[in-house]
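# Topology and contacts: notes
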Amino acid sequence: MIVGKVVGSVVATRKNEGLIGSKFMIVEPVENMSDKGRIVAVDNVGAGIGELVLVSMGSAARIGCDMANAPVDAAIVGIIDNSIGLED
Amino acid sequence: MIVGKVVGSVVATRKNEGLIGSKFMIVEPVENMSDKGRIVAVDNVGAGIGELVLVSMGSAARIGCDMANAPVDAAIVGIIDNSIGLED
Amino acid sequence: MIVGKVVGSVVATRKNEGLIGSKFMIVEPVENMSDKGRIVAVDNVGAGIGELVLVSMGSAARIGCDMANAPVDAAIVGIIDNSIGLED
Amino acid sequence: MIVGKVVGSVVATRKNEGLIGSKFMIVEPVENMSDKGRIVAVDNVGAGIGELVLVSMGSAARIGCDMANAPVDAAIVGIIDNSIGLED
Amino acid sequence: MIVGKVVGSVVATRKNEGLIGSKFMIVEPVENMSDKGRIVAVDNVGAGIGELVLVSMGSAARIGCDMANAPVDAAIVGIIDNSIGLED
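Residues numbered from 1 in each chain as written. Chains lettered and ligands numbered in written order. Predicted model: local features only at pLDDT ≥ 70, side-chain atom pairs only at ≥ 80, totals over all residues. Heavy atoms only, no water.

### A short note on the overall build of chain A
The helix and strand tally for chain A stands at 1 helix and 7 strands. The helix and strand sequence of chain A, counted from the amino end, reads β-β-β-β-β-α-β-β. Relative to its length of 88 residues, chain A is compact, with a C-alpha radius of gyration of 13 Å against a globular reference of 12 Å. Taken along the three principal axes of its C-alpha coordinates, chain A extends 40 × 25 × 25 Å. Per-residue burial over chain A gives 58% buried out of 88 residues. For chain A, the share of sequence-separated contacts (at least 6 apart) that also reach a separation of at least 24 residues comes to 55%. With the model as given, the accessible surface of chain A reaches about 3300 Å², and the carbon-plus-sulfur share is 47%. For chain A, the distance from the average position of its 7 positive side-chain charges to the average position of its 11 negative side-chain charges is 10 Å. (Helix = DSSP H or I, 4+ residues; strand = E, 2+ residues; numbered from the N terminus. Rg over C-alpha atoms; globule rule 2.2 N^0.38 Å. Buried < 20%, exposed > 50% of the residue type's maximum accessible area, 1.4 Å probe, protein only. Contact = heavy atoms within 4.5 Å. Areas by Shrake-Rupley, 256 points an atom, 1.4 Å probe, with all protein chains shown as cover. Lys, Arg positive; Asp, Glu negative; His and termini not counted. Charge placed at Lys NZ, Arg CZ, Asp CG, Glu CD.)

See the structure below:
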């Protein structure tokens, strides 16, 4: 997983059926945490813009969030409320 | 997922059977969104060149787009029509 | 897998059900070992801050650590106590 | 998927049983297409050195090419004979 | 897959049960081949330090090497004894 900040969201009216009802958030990894850039993650916990979140990627996002048959490869699975060493 | 712009397409006459009938689009991630460069994604929603799209990668592309037995590792699964914070 | 040092941890009270009870450690890959930056891994072996650990990623983390239905994409699966050529 | 050029091949006499009979080609991604460097892909379509090919990665390579139980994580699944915007 | 050179090994006494009996080798990708840095791969073919090997990653490593339930995300699956274009 990575920790990132929710910095935006996207809306797609025309989309794969399995994605109907999903909220797509743009997450920017915190510094030092992964260098792959921003990703779009489905929100599984009710995260808002500006919050620090835990993002799971790959098959874990689909299977761990009850969306096993949806084309989802990243999901917000937790909201960070405490940390040690995150910003060092 | 990532958001990218459809910038081209490729055609392969000689190909794996599971890919027959698929349209292969070249997608360039928007700035700040993933630094892995362009990818080729199967079009699942009728996207055209120049459109901003949502791309899903890995097993999610196969399984979420009814191509579970095809060698597909990326698919266009939505067309972006609205966004917050995408271009910041 | 990669070898990294445990440098911190994060706590998320609001999270996906499958993650309840898991400990989330921040792991920094050792030099030369992967250039993707820090990751958050679920602790499967009782690792502490400062220890050198073996981290498994992707579906291996879920399936190999008896969390097949949890949104976990990285797990600490060993504590390094000996090595050849690790720091060269 | 990515598009790359076949630039070489490797032979391994001592190998995992599931790989017996496979041809391993070295593929260099075209410019702008993925920045991860060269990969070794199993040839699924009869590609030759110098040809532009479509490469599928991850579980898609195994499952989509009838090698579900082989340790294959990349496969050449098409030969490019036409493209728009590939070299821009 | 990638081709790399075995440059070391790690030992973990305290580890996930599924890893008992596995040998963990440090593999450095050859130049131009993947830019992700060194990885730790389970040895499936009896590779020694200094040898050029073929490494498979992701679910392919687990499933293709009869370790479907182990937290293994990379395995050495062949020893390179011949190549064309590898060092160009």
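### Details of the relation of the copies chain A and chain C
Structural alignment of chain A on chain C gives an RMSD of 0.0 Å, achieved by rotating through 72° and translating 0.0 Å along the axis. Such a combination of rotation and displacement between the chain copies is what one expects of a five-fold axis. A different interface surface on each copy is seen, since only 6% of the contact residues of chain A are contact residues in chain C too. (Least-squares fit on C-alpha atoms with pLDDT ≥ 70 in both.)

### Here's the deal with the interface of chain A and chain C
On the side of chain C, 31 residues touch chain A, which itself brings 31 residues to the contact. For the pair chain A and chain C, the two sides together bury roughly 2300 Å², of which 52% comes from carbon and sulfur. The interface formed by chain A and chain C holds 1 salt bridge in total. For the salt bridge of Arg14(C) with Glu51(A), the shortest nitrogen-to-oxygen distance reads 3.6 Å. For the interface between chain A and chain C, the tally reads 16 residue pairs in polar contact (both at pLDDT 80 or more). The residue inventory of the side of chain A that touches chain C, partitioned by class, reads 16 nonpolar, 11 polar and 4 charged. Pairing between strand S6 (residues 74–79) of chain A and strand S2 (residues 14–15) of chain C: 2 bridges, direction antiparallel. Within the sheet, the bridge partner assigned to Gly78(A) lies in S2(C) and is Lys15(C). (Buried area = accessible area lost by both parts, 1.4 Å probe. Salt bridge = Lys/Arg side-chain N within 4 Å of Asp/Glu carboxyl O. Polar contact = N/O pair within 3.5 Å; in protein donor to acceptor, adjacent residues only side chain to side chain. Nonpolar A, V, L, I, M, F, W, Y, C, P; charged D, E, K, R; others polar. Pairing = 2+ DSSP bridges.)

### Focus: the pairing of strand S5 (residues 52–57) of chain A
Residues and elements named next belong to chain A. In the sheet, strand S1 (residues 2–11) pairs with S5 via 4 bridges, with the strands oriented antiparallel. Paired with isoleucine 2 across the bridge in S5 is valine 55. Judged from the 5 bridges that link them, S5 and S6 form a sheet pairing that is antiparallel. Of the residues in S6, the one forming a bridge with valine 53 is isoleucine 79.

### A closer look at the relation of the copies chain D and chain B
Between chain D and chain B, which share one sequence, the superposing operator has a rotation angle of 72° and an axial displacement of 0.0 Å; the RMSD is 0.0 Å. The residues that chain D uses at the interface reappear at the interface of chain B in only 6% of cases, marking distinct surfaces.

### Examining the arrangement of the chains
Nowhere do chain B and chain C come into contact; their C-alpha atoms are at least 11 Å apart. A gap remains between chain A and chain E, with no contact made and the closest C-alpha atoms lying 11 Å from each other.

### Points about the interface of chain D and chain B
Contact with chain D, which involves 31 residues of that partner, is made by 31 residues of chain B. Note on chain D versus chain B: buried area summed over both sides is about 2300 Å², and carbon and sulfur give 51% of it. Along the contact surface separating chain D from chain B lie 16 residue pairs in polar contact (both at pLDDT 80 or more). Mapped by element, the contributors of at least two residues to the side of chain D that touches chain B are strand S1 (2–11), strand S5 (52–57), helix H1 (59–64), strand S6 (74–79) and strand S7 (82–84) of chain D. In terms of strand pairing, strand S1 (residues 2–11) of chain B meets S7(D) through 3 bridges, oriented antiparallel. Across the sheet, Val11(B) pairs through a bridge with Asn82(D), a residue of S7(D).

### Observations concerning the nonpolar core
Residues Ile76(A), Ile76(B), Ile76(C), Ile76(D) and Ile76(E) are the most contacted members of the largest nonpolar core, which totals 165 residues. Ignoring anything within four residues of it in the chain, the contact list for Ile76(A) reads Val6(A), Met25(A), Val27(A), Ala41(A), Val42(A), Asp43(A), Asn44(A), Val45(A), Ala47(A), Val53(A), Leu54(A) and Val55(A). (Core = buried A, V, L, I, M, F, W, Y, C linked by side-chain atoms within 4.5 Å.)

### Some points on the pattern of salt bridges
All names here are of chain E. With the rule as written, the count across this model stands at 15 salt bridges over all chains. Taking the shortest distance from any N to any O, the salt bridge between arginine 38 and glutamate 28 comes out at 2.7 Å. Linking arginine 38 in the loop between strand S3 (24–29) and strand S4 (39–43) with glutamate 28 in strand S3, this pair joins segments that are 10 residues apart in sequence. Residue glutamate 28 is classed as partly exposed on the basis of its relative accessible area of 33%.

### Observations regarding the confidence of the model for chain A
With 99% of its residues at a pLDDT of at least 70, chain A reaches an overall mean of 95. Interface scoring of the predicted complex returns ipTM 0.96; its pTM is 0.97. (pLDDT = per-residue confidence, 0-100.)

### Describing unusual backbone geometry
Residues and elements named next belong to chain C. Even without being glycine, asparagine 32 reaches a positive phi, approximately 75°. Relative to the assigned elements, asparagine 32 resides in the loop between strand S3 (24–29) and strand S4 (39–43). For asparagine 32, a relative accessible area of 40% corresponds to the partly exposed category.

### Considering the environment of Val30(B)
All names here are of chain B. With respect to the helices and strands, the residue valine 30 is situated in the loop between strand S3 (24–29) and strand S4 (39–43). Residue classification places valine 30 among the buried residues on the basis of a relative accessible area of 10%. Between the alpha carbons of valine 30 and leucine 86 there is a distance of 8.3 Å; along the sequence they are 56 residues apart. With sequence-adjacent residues up to four places away left out, valine 30 is seen in contact with Val3, Gly4, Leu52, Leu86 and Glu87.

### Regarding empty space enclosed by the protein
Under the defined criterion, the tally for this structure stands at 2 cavities of 30 Å³ or more. Considering only enclosed or pocket space, the largest cavity measures out at about 40 Å³ in volume. Taken together, Ile2(C), Pro29(C), Ser34(C), Lys36(C), Gly37(C), Ile39(C) and Met57(C) make up the full set of residues lining the largest cavity. Grouping the amino acids of the lining of the largest cavity by side-chain chemistry returns 4 nonpolar, 2 polar and 1 charged. Volume-wise, the second largest cavity comes out at about 30 Å³. Lining the second largest cavity are Ile2(D), Pro29(D), Ser34(D), Lys36(D), Gly37(D), Ile39(D) and Met57(D). (1 Å grid on protein atoms, 1.4 Å probe; cavity = no way out; pocket = protein on both sides within 12 Å on 5 of 7 lines; lining within 4 Å. Points joined across faces, edges and corners; volume = space filled by probe spheres on them.)

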